[in-house]
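Given next are the chains, with one letter for each unit.
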Amino acid sequence: MEIDLRLESSLWVGRKRYLAVLTGWHLQWTEVDKKNRQRKTTSVPVSELIGVEDGRVEILPGKSVEDADHDFTVFYVRRSSSGGSYGLLWRFSRTQFSCASRALRDQWTSYLRTALKTHSPSRPHRLLVFINPFGGKKKGRHIYHSLVAPLFELAGISSHVIVTERANQARDHLLKKDLSGFDGVVCVGGDGMFSEVMHGLIGRTQQEAGLSENDPNVKLQPCNLHIGIIPAGSTDCVCFATVGVNDPVTSALHIIIGDSQPLDVCSAHHPTVPVHYSVSLLGYGFYGDVLAESERHRWMGPLRYDFSGAMVYLSSRSYAGVVHYLPADPLLSSPRDNIRCLSGCSVCTKSTERLLPHPTVSESVNSFHCSQYSSDSSEGEWVSVAGRFRCVSFTCMSSSCPRSPLGLSPSAHLADGTGDLILVRESHPLSFLKFLHRHTSTQDQFDLPFVEVHRVKAFRFSLPPGEEEDGCEDMERGATRQRENQDTQCVMDIETKSRTGSQQQLTERGSGAYRERGDWRGKKALFCGPCCSETPSVSVWNCDGEILPFSEIQCRVHGQLVHLYARGIEDKAAIVS
Ligand SMILES: CCCCCCCCCCCCC/C=C/[C@@H](O)[C@H](COP(=O)(O)O)NC(=O)CCCCC
Ligand SMILES: Nc1ncnc2c1ncn2[C@@H]1O[C@H](COP(=O)(O)OP(=O)(O)O)[C@@H](O)[C@H]1O
Ligand SMILES: [Ca+2]
């Protein structure tokens, strides 16, 4: 039912008189001068109002209320022109209005609150918040309490806050505890923390739906609870690529107004370990080695990636393998079409219709099920590429981040049910450096003869014939055995340094299992640090910052499996603030 919420009257802001108008969807106020001429208008969509309070209210540095009974204060989103170089920073503004009478003030506040309820129904009221106190520069707690909590309070959001005491606490909580009453889950931390929350929510949703998530052929059930990310990590890629900046206040405001951004998720399967999910990076070779190396330098904070990147680059490794992939429909989009996924993206919108309503024959998983060489006609043909690779990377989205503002694949889409597979063949070290360096600029990193990129729905990576991984139950043993032929020194290193209990961690399900403090520290030799004289013949996978210590993997994109409190990257040119 459409409620007529129109209200129009003269209000004062300071000494100036304004004509204020509330329609269902907008609040606007226009300055009126002494000769009744109308001047500048400010217009705020109701969906971007944060809150309405009686009296003259300030919230920073602390909340103060001067309860003048003719006054009310409106808080709303403002886009900052001084924003990041890529996306737009959001800030909150407040305007204190004075009315001719208390009755008029009450009418305004009541109409505004009704407009908020009616036209912003998807706003969260109760949130479960996980803070990783050790993520990034270890400022998660401070960021939440000083920048985010006051805004949530102003918006009338109640939150249950858990500061984690161990890796995987958030995931385990989401898998096991009562989640009723919560509208969404917020993680304060980096991509690893997001990954934990995502694993917990996806796992819980499948449990409740009676689906086996480890079965690569199962069509997974999308999650009901939204995820909010308050960036406080090292890479903050998921936040950056879905919001356009890594800024806690901007993210808090997207959460408050209940923005919604669907996100594709890739499931990564190996026969002997539980499923892992990725949204930002599944990387074998360079990115796997950088992550493995970086875990030994965690004390450096976010800089560990730069340091390890340099070390691994200098070791100049490449790895043999065979990649099989199932191409996405080239008529819908391509990784080199230069169409960026921005807020309201038409490619993703079209995909929503294709992905959500009913599983069609073309999405039937049967063709995924190890029929990689034969294919059904609606799916297209599986393609295989063999060779030596510096890296094999896969991302479901652009993966833009402060290190790489356009990302691993600048034209990838957040919610189109596909991902981009980037194959970088063995090349001269300087050529590879050129490839890496192009990630930091607007130069096309795919316009190089040793690089290929494919938009795909699924892919598989295997070792070359004759070098397959053992079909053993225990992946750690498998990985070790695999190296025994080539790397005796490294195997000895593992045996002497690995901790008891690590095997249990290696087979544990979900994110963070390989990142428990110290788990990998003693195991650098499993994949050889650059200091090691031997060159390993296999790498590991970097799954959104978590090490997967095996080579052979089978992956599939699940379109729009989770929803974030975000709206994609706003096109700066299209926004008039
Ligand atoms: C000569 C200049 C070389 C610059 C290379 C730049 C390439 C950067 C691409 C970065 C893609 C990042 C994709 C996101 C990965 C994250 O999931 C993962 C975990 O993040 P967090 O939990 O916050 O620690 N981050 C990484 O794996 C870091 C990769 C950095 C590689 C240099
Ligand atoms: N209290 C904790 N102690 C140790 N590790 C934790 C804790 N809470 C979360 N983690 C783990 O820390 C890892 C890194 O967290 P993240 O917030 O992504 O920081 P960063 O971006 O610096 O890597 C995550 O995989 C998460 O599982
Ligand atoms: Ca995608």
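Use the structure listed above.
The model shown is predicted, which means the values in this text are computed figures rather than measured ones. (Residues numbered from 1 in each chain as written. Chains lettered and ligands numbered in written order. Predicted model: local features only at pLDDT ≥ 70, side-chain atom pairs only at ≥ 80, totals over all residues. Heavy atoms only, no water.)

K.L.:
What exactly am I supposed to notice about the nonpolar core here?
P.N.:
Note on soluble globular proteins: their nonpolar side chains tend to be buried together. Phe 130, Phe 194, Val 197, Met 198, Leu 201, Ile 202 and Leu 263 are the most contacted members of the largest nonpolar core, which totals 45 residues. It is helix H4 (residues 191-209) that provides the largest number of residues to this core, a total of six residues. When residues no more than four places from it in sequence are discounted, the contact partners of Phe 130 are Ile 162, Thr 164, Ala 170, His 173, Leu 174, Val 185, Val 186, Cys 187, Val 188, Met 193 and Val 197. In terms of nonpolar packing, the next biggest core, distinct from the first, is built from 28 residues, Trp 90, Ile 131, Val 188 and Leu 253 among them. (Core = buried A, V, L, I, M, F, W, Y, C linked by side-chain atoms within 4.5 Å. Buried < 20%, exposed > 50% of the residue type's maximum accessible area, 1.4 Å probe, protein only. Helix = DSSP H or I, 4+ residues; strand = E, 2+ residues; numbered from the N terminus. Contact = heavy atoms within 4.5 Å.)

K.L.:
Looking at this structure, I do not really get the site of ligand 2. What am I missing?
P.N.:
Taken together, 22 residues lie around ligand 2, and Gly 136, Thr 164, Gly 190, Glu 196 and Ser 234 are the ones closest in. At 2.6 Å, a side-chain N or O of Ser 234 approaches an oxygen atom of ligand 2. Contact between ligand 2 and Arg 298: an oxygen atom at 3.4 Å from a side-chain N or O atom of the residue. Per-element accounting of the shell around ligand 2 gives the leading share, four residues, to H4. Counted by class, the shell around ligand 2 contains four nonpolar, 10 polar and eight charged residues. (Near = heavy atom within 4 Å. Polar contact = N/O pair within 3.5 Å; in protein donor to acceptor, adjacent residues only side chain to side chain. Nonpolar A, V, L, I, M, F, W, Y, C, P; charged D, E, K, R; others polar.)

K.L.:
Just checking my understanding: could you explain the site of ligand 1 for this structure?
P.N.:
Taken together, 21 residues lie near ligand 1, and Gly 192, Thr 235, Ser 280, Tyr 305 and Asn 542 sit nearest. Contact between ligand 1 and Gly 192: an oxygen atom at 2.9 Å from a main-chain N or O atom of the residue. Contact with the protein chains removes 89% of the 780 Å² of surface that ligand 1 exposes when unbound. Elements with a contribution of two residues or more to the shell around ligand 1: H4 and helix H8 (303-315). Here the shell around ligand 1 is composed, by residue class, of seven nonpolar, nine polar and five charged. (Areas by Shrake-Rupley, 256 points an atom, 1.4 Å probe, with all protein chains shown as cover.)

K.L.:
Looking at this structure, I do not really get helix H3 (residues 169-176). What am I missing?
P.N.:
Helical geometry: 3.6 residues make up each α-helical turn, so side chains three or four residues apart lie on a common side. The element H3 is extensively covered by neighbouring structure, given that seven of its eight residues are classed as buried. Within H3 the residues assigned to the buried category are Gln 169, Ala 170, Arg 171, Asp 172, His 173, Leu 174 and Leu 175. Buried residues along H3 sit against strand S10 (126-131), strand S11 (158-163), strand S12 (184-189) and H4.

K.L.:
Mind showing me how you'd approach the environment of Cys 391 here?
P.N.:
Within the fold, Cys 391 resides in strand S18 (residues 383-395). With a relative accessible area of 1%, Cys 391 lands in the buried category. Separated by 60 residues in the primary sequence, Cys 391 and Val 451 have C-alpha atoms spaced 9.8 Å apart. Discounting chain neighbours no more than four positions away, the residues touching Cys 391 are Tyr 284, Gly 285, Phe 286, Tyr 287, Ile 422, Leu 423, Val 424, Phe 432 and Phe 435.

K.L.:
How should the environment of Thr 30 be read in this particular structure?
P.N.:
Topologically, Thr 30 is positioned in strand S3 (residues 26-32). In the structure, Thr 30 is positioned 11 residues away from Thr 41 in sequence and 4.2 Å away in space, judged by C-alpha atoms. When near neighbours in sequence (up to four residues on either side) are disregarded, Thr 30 contacts Arg 17, Tyr 18, Leu 19, Gln 38, Arg 39, Lys 40 and Thr 41. Among the polar contacts listed, one links the side chain of Thr 30 to the side chain of Thr 41, at a separation of 2.8 Å.

K.L.:
In this structure, what is going on with the packing of aromatic side chains? I would like to understand it.
P.N.:
For any pair of aromatic rings, the description consists of the separation of the ring centres together with the inter-plane angle of the planes. For the structure on display, the rule yields 16 aromatic pairs. Relative to Trp 541, the ring of Tyr 284 lies with its centre 5.2 Å away and its plane at 40°, an arrangement referred to as tilted. Residue Tyr 284 is located in strand S16 (residues 282-285), and its partner Trp 541 is located in strand S21 (residues 541-543); the two are separated by 257 residues in the primary sequence. Exposure class is identical for Tyr 284 and Trp 541. Each is buried. (Phe/Tyr/Trp six-rings, centres within 6.5 Å; stacked < 30°, edge-to-face > 60°.)

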